Amino acid sequence: MPATPHRPAPTPTRRRARAGPIARPRTYEQPALTDLPLNPRRGTFVLNLILQQHNWRHSSKHKGVSHKTIAERARFCHWLFTFLRQHPKRFKLDPRSFSGRHVEAITAHWQAEAHAGRMSPATIQTYFSFMRTFAGWIGKPRLLKPIASYFDDPALHRRSLAATVDKTWRAQGVDADAVIREVEAHDRHAAASLRLMQAFGLRFKESLMLRPHRDGLTAQQAGRPADGPARYLDTHRGTKGGRDRLLPIDTPQREAAVAQACRVAIGPDDSVSDPRRTLAQAERRLRYVMERHGITRAGLKVVPHGLRHQDAADAYRSMTGQPPPVAGGGVVDAALDAQARQAIAEHLGHGRPAIVNAYLGRPYPGAKASSPAAHPNPNTRNPEPQGDE
């Protein structure tokens, strides 16, 4: 019997790669709002597209808004349509179909809440502004009527920006220097921030983001005359509305605050906040330290912003010779009062002098104006406050 020829075992062959382009992960582009038909079932999806397209921008100016405003407007818009879906009338709508009857349902709810004491005029004004902004995003800028037409009592929605209560630490009997020394023993970064708020009237965020080595300028660098203060603080990080301002380092208190900030911020580009933390973490840390040391309305009945009120009050007294109206000061010449308020508004970084009413109170009615030569220059601040301050 002939031998069976040996067959070699088949050698494994590698599978041939499929011809064609290299496979890439799929990407999906967001559809344009104009390409999407109205569909109440896709309300949340459409709302997110609207927010993505518009929420980053200012409602009336060509600029962006802060992360805080973006988050608050997004939260409000989602609440708005959740409320309408759960309303007794069970509104089912695409966000682009938002109309006057929906506005009336929402403002009627706010009116009931305000009558029950659960909504303040300030909250209603803020939410109404957000709703007007949203109406502009969907191409209906004239949808909302004046706010007064939705409420039966003007007191429910009319807020007064003028202070009626003195919010300074001094008015509450709190020794700012003693409290800050106590904070410094626990957290030197928080103490340095408070010192800057006290000396310059900085905002919470401005004090954290300040880079004292980089932001301390000579008069020549600041473009200021040589016969004025020798140094200035360039405040431009964390400001409201992106308004830069140069603050003179013209008192021993301010010099000491800047020196303390420089000791805390070791590197030339370091800020006052702890370099190991992000800005959000530094803000949370500072709030925690404030709570721990009782710097709250429930504790010492003061908050860090009260130091800003105190700086404005000290500046007003230095310029006019009187405490501000909210602190029981006497009648001040109308022209001098107006000049002082303008200077304080610029110092605090506000665009409108009327905002200063929130710190000082309204001017006394009936004050008469005298000639400009009858009073000192309000831009000149005395190094030391007078009286018991």
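The model shown is predicted, which means the values in this text are computed figures rather than measured ones.

K.L.:
Is there a simple way to explain unusual backbone geometry in this structure?
P.N.:
The bulk of non-glycine residues show a negative phi, and the bulk of peptide bonds are trans. With a phi angle near 50 degrees, Arg90 is a residue other than glycine that sits in the positive phi range. Looking at the element boundaries, Arg90 is found in the loop between α2 (67-86) and α3 (100-115). We classify Arg90 as exposed; its relative accessible area is 52%. In the Ramachandran plot, Lys301 falls in the positive-phi region, its phi being about 65 degrees despite a non-glycine side chain. Looking at where Lys301 falls in the secondary structure, it is placed in the loop between α11 (279-292) and α12 (305-320).

K.L.:
Got a minute to help me understand the sheet that holds strand β2 (residues 231-235) in this structure?
P.N.:
Consider a sheet: its strands pair through backbone hydrogen bonds, and that pairing is either parallel or antiparallel. In spatial order, the strands read β1-β2-β3; together these 3 strands make up an open sheet with antiparallel pairing. The sheet is open, and its two edges are formed by β1 (216-218) and β3 (245-248), each paired on a single side. The average angle at which neighbouring strand axes cross in this sheet is 40 degrees, direction not considered. In this sheet, β2 lies alongside β1 in antiparallel orientation, the contact comprising 3 bridges. The partner of Leu217 across the bridge, within β2, is Tyr232.

K.L.:
Teacher, can you tell me more about a positive patch on the surface here?
P.N.:
Together, Lys61, Lys63, Lys240, Arg243 and Arg352 give the surface a local cluster of positive charge. Counting through the fold element by element, Arg352 comes out in the loop between α13 (334-348) and α14 (357-360).

K.L.:
Please explain the confidence of the model for the protein as it appears in this structure.
P.N.:
Caution is warranted with low-pLDDT regions, since their predicted coordinates should not be read in detail. Here the protein shows a mean pLDDT of 87. Residues at 70 or above account for 86%. Low pLDDT (under 50) marks residues 371-389, which in the prediction has 28 contacts with non-local residues, meaning those over four places away or in another chain.

K.L.:
What exactly am I supposed to notice about the pattern of salt bridges here?
P.N.:
It is possible for side chains of opposite charge to pair when their charged atoms get near one another. Applying the stated criterion across every chain, the model contains 14 salt bridges. Across the pair Lys68 and Glu72 runs a salt bridge whose closest N-O atoms are separated by 2.9 Å. Separated by 4 residues within a single helix, Lys68 and Glu72 lie in helix α2, roughly one turn from each other. If you follow the salt bridges from partner to partner, you end up with Arg203, Glu206 and Arg245 in one network.

K.L.:
Explain the packing of aromatic side chains here, please?
P.N.:
Given two aromatic rings, their pairing is described by the distance between the two centres and the angle made by the two planes. What the rule picks out here adds up to 12 aromatic pairs. Residues Trp79 and Phe83 carry aromatic rings whose centres are separated by 5.3 Å and whose planes lie at 20 degrees to one another, so their mutual orientation is stacked. Placement of the pair is Trp79 and Phe83 together in helix α2, with a separation of 4 residues, close to one helical turn. Given a relative accessible area of 15%, Phe83 falls into the buried group. Summarising the aromatic geometry, the rings of Trp110 and Tyr127 are spaced 6.0 Å apart at their centres and angled 45 degrees between planes, so their arrangement reads as tilted. Here Trp110 is found in helix α3, whereas its partner Tyr127 is found in helix α4 (residues 121-137), with 17 residues between them in sequence. For Trp110, a relative accessible area of 1% corresponds to the buried category.

K.L.:
Where do I start with the environment of Gln53 in this structure?
P.N.:
Its place among the elements puts Gln53 in helix α1 (residues 43-54). For the pair Gln53 and Ala32, spaced 21 residues apart in the sequence, the C-alpha separation amounts to 9.7 Å.

K.L.:
Looking at this structure, I do not really get α13. What am I missing?
P.N.:
With 15 residues, α13 extends 21 Å from end C-alpha to end C-alpha; this agrees with the ideal 21 Å at 1.5 Å per step. Regarding α13, the residues found buried are Leu336, Asp337, Ala340, Arg341, Ala343, Ile344, Ala345, His347 and Leu348. Next to the buried residues of α13 lie α6 (188-200), β3, α10 (252-264), α12 and α14. The opening residue of α13, the one whose side-chain oxygen lies 3.2 Å from the backbone nitrogen of Ala335, is Asp333. Positive backbone phi, approximately 85 degrees, marks Gly349, located one or two places after α13.

Each value, and the rule that gives it
- Numbering of residues starts from 1 in each chain and follows the order in which that chain's sequence is written.
- With pLDDT at 70 or above as the cut-off, local features in this predicted model cover only qualifying residues; side-chain atom pairs require 80 or more to be listed or tallied, and sums for whole chains, interfaces and linings still use all residues.
- Side-chain numbers here rest on the full set of heavy atoms in the structure, without hydrogens or water.
- Numbered from the N terminus, helices here are DSSP runs of H or I no shorter than four residues, and strands are runs of E no shorter than two.
- Each residue is assigned to one of three classes by its accessible area relative to the maximum for its type, calculated with a 1.4 Å probe on protein chains only: buried under 20%, partly exposed between the two thresholds, exposed over 50%.
- In short, DSSP must find at least two bridges between two strands for them to pair.
- Helix axes use the C-alpha atoms of the stretch in contact, all axes being lines fitted to C-alpha atoms, and the angles between their N-to-C directions lie in the range 0 to 180 degrees.
- Residues enter a patch when their relative accessible area is above 30% and they make no salt bridge; the linking distance is 9 Å between like charges and 5 Å between nonpolar side chains (Val, Leu, Ile, Met, Phe, Trp, Tyr).
- Exposure was quantified through the Shrake-Rupley algorithm and a 1.4 Å probe, taking into account, for residues, occlusion by the shown protein chains and nothing else.
- Salt-bridge detection follows one rule: a side-chain nitrogen of Lys or Arg within 4 Å of a carboxyl oxygen of Asp or Glu.
- Charge assignment: positive for Lys and Arg, negative for Asp and Glu; neither His nor the chain ends contribute.
- To locate a charge, the coordinates of NZ of Lys, CZ of Arg, CG of Asp or CD of Glu are taken.
- Along the chain, pLDDT gives the predictor's confidence residue by residue, from 0 to 100.
- Only heavy atoms matter for contacts: two residues are in contact if any of them lie within 4.5 Å across the pair.
- A pair of aromatic rings is counted whenever rings of Phe, Tyr or Trp (Trp by its six-membered ring) have centres within 6.5 Å, and the orientation is called stacked for planes under 30 degrees apart, edge-to-face for over 60 and tilted otherwise.
- Expected span, for any helix, means 1.5 Å times one less than how many residues it has.
- Between N or O atoms, a polar contact is any pair within 3.5 Å; within protein, one atom must be a potential hydrogen donor and the other a potential acceptor, and residues adjacent in sequence are included only when both atoms are from side chains.

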